[in-house]
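# Architecture at a glance
Spelled out, the chains give:
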Amino acid sequence: MDLFDGLTFIGNCQKGYGQMMARGAPGDVQNSLREWYDYSQKFLTGQISIDEWASMHKDNIMKYLDDSLAGSKISRSDLDNPQNEPTGK
């Protein structure tokens with residue numbers, strides 16, 4: 001599509017969990033995804049502002065963080081100690 005011809009990805013955000021966080025908590029956390037659809041619909045229909053959307057999105061990610069980590073077999077200790085190279089690859 002011509003619209004995206006000039007798009008250049010930088011870093012690794014387009015890979016792995018960076019792209020998944022755009023739709024609620026990473027992994028298969030259905031409650032997070034449902035909440036994301038709800039507040040995104042409210043934003044797109046003008047019921048909430050972008051600042052409200054961002055606040056709700058942050059709350060959503062944090063609310064389901066432990067579920068996301070468990071589903072990915074990653075612990076909070078792994079986040080605190082990335083040198084341990086937790087699961088995934």
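A brief structural summary. (Residues numbered from 1 in each chain as written. Predicted model: local features only at pLDDT ≥ 70, side-chain atom pairs only at ≥ 80, totals over all residues. Heavy atoms only, no water.)

## Description of a nonpolar patch on the surface
Inclusion rule: Residues form patches when they are more than 30% accessible in relative terms and have no salt bridge. Like charges link within 9 Å. Nonpolar side chains (Val, Leu, Ile, Met, Phe, Trp, Tyr) link within 5 Å. Per-residue and other accessible areas were derived by the Shrake-Rupley procedure at a 1.4 Å probe size, with only the shown protein chains allowed to occlude residues. For this document, the term salt bridge refers to a Lys or Arg side-chain nitrogen within 4 Å of an Asp or Glu carboxyl oxygen. Labels follow the DSSP assignment, with helices taken as runs of H or I lasting at least four residues and strands as runs of E lasting at least two, numbered in each case from the N terminus.
A cluster of nonpolar residues, Leu3, Phe4 and Leu7, forms a patch on the protein surface that exposes about 350 Å² of accessible area. Tracing the chain through its elements places Phe4 in the segment before α1 (17–20).

## What about the nonpolar core?
Stated formally: Remark: nonpolar core denotes a set of buried residues (Ala, Val, Leu, Ile, Met, Phe, Trp, Tyr, Cys) joined through side-chain atoms within 4.5 Å. For each residue, the accessible area found with a 1.4 Å probe, counting protein chains only, is set against the maximum for its type, and the residue is called buried under 20%, exposed over 50%, and partly exposed in between.
Listed in full, the five residues of the largest apolar core are Leu33, Trp36, Tyr39, Ile48 and Trp53. Among the elements that line this core, the one with the most residues is helix α2 (residues 30–44), at three residues.

## Structural notes on the pattern of salt bridges
All chains considered together, the criterion is met by three salt bridges. Residue Asp38 is joined to Lys42 by a salt bridge in which the shortest nitrogen-to-oxygen separation is 3.4 Å. Here Lys42 and Asp38 lie together in helix α2, a separation of four residues that amounts to about one turn. By relative accessible area, Asp38 is classed as partly exposed at 41%. Given a relative accessible area of 28%, Lys42 falls into the partly exposed group. Residues Arg76 and Asp66 are paired through a salt bridge, measuring 2.8 Å at the closest nitrogen-oxygen approach. Pair noted here: Arg76 is in helix α5 (residues 76–80) and Asp66 is in helix α4 (residues 65–71), with a separation of ten residues, a long-range link.

## Some remarks on helix α3 (residues 50–63)
Rules: To estimate the expected span of a helix, count its residues, drop one, and scale the result by 1.5 Å. What the arc describes is the spread of directions from the helix axis to the C-beta atoms.
End to end, α3 covers 20 Å across 14 residues, agreeing with the expected 20 Å (1.5 Å per residue, within 8%). Residues of α3 that are buried: Trp53, His57, Asn60 and Ile61. Down the axis of α3, the sector holding all buried residues measures 95°, keeping them to one side. Within α3, the exposed residues directed more than 90 degrees away from the buried face are Asp51, Lys58 and Lys63.

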